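Residue-level structure breakdown
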Amino acid sequence: MPEPTPRRLAARRRSLPPRPTYDGAPAEHEVHEASSTQRLSRPARLVEREAPYMVDELKRIALVSATCIGLLVLLTVVDKMR
């Protein structure tokens, strides 16, 4: 697999925010604790907001899966009849 070019490396999304370089900046562990606390509270809000859509999507996935399985069974029956 080819190595990524510097341009592609720069285009990748950062997983951590940039560290401040000024004097008196918070220590790295303080920043990490604050971001981990924020990450823990964020998914709960997202789940509450997206829950109705998730139920609809799961119903749609179940319907599509059931349709595919039904068609496979139908094709198997038709193939056995020949």
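Residues numbered from 1 in each chain as written. Predicted model: local features only at pLDDT ≥ 70, side-chain atom pairs only at ≥ 80, totals over all residues. Heavy atoms only, no water.

**Details of the overall build of the chain**
A tally of helices and strands in the chain yields two helices and zero strands. Expressed as a percentage of its 82 residues, the buried residues of the chain come to 1%. For the chain, the accessible area works out to roughly 8500 Å², and carbon and sulfur atoms hold 62% of it. (Helix = DSSP H or I, 4+ residues; strand = E, 2+ residues; numbered from the N terminus. Buried < 20%, exposed > 50% of the residue type's maximum accessible area, 1.4 Å probe, protein only. Areas by Shrake-Rupley, 256 points an atom, 1.4 Å probe, with all protein chains shown as cover.)

**Here's the deal with the pattern of salt bridges**
Taken as a whole, this structure holds one salt bridge when the rule is applied. A salt bridge links Glu57 to Arg60; its shortest N-O distance comes to 2.9 Å. Of the two residues, Glu57 and Arg60 are both situated in helix H2 (residues 28-81); the distance of three residues between them amounts to about one turn of the helix. Classification of Glu57 by relative accessible area gives partly exposed; the value is 36%. Arg60 gets classed as partly exposed once you look at its relative accessible area, which sits at 46%. (Salt bridge = Lys/Arg side-chain N within 4 Å of Asp/Glu carboxyl O.)

**Regarding a nonpolar patch on the surface**
Residues Ile69, Val73, Val77 and Met81 make up a contiguous nonpolar surface patch of roughly 420 Å² in combined accessible area. Tracing the backbone through its elements, the reader meets Ile69 in helix H2. (Patch = residues over 30% accessible without salt bridge, like charges linked within 9 Å, V, L, I, M, F, W, Y side chains within 5 Å.)

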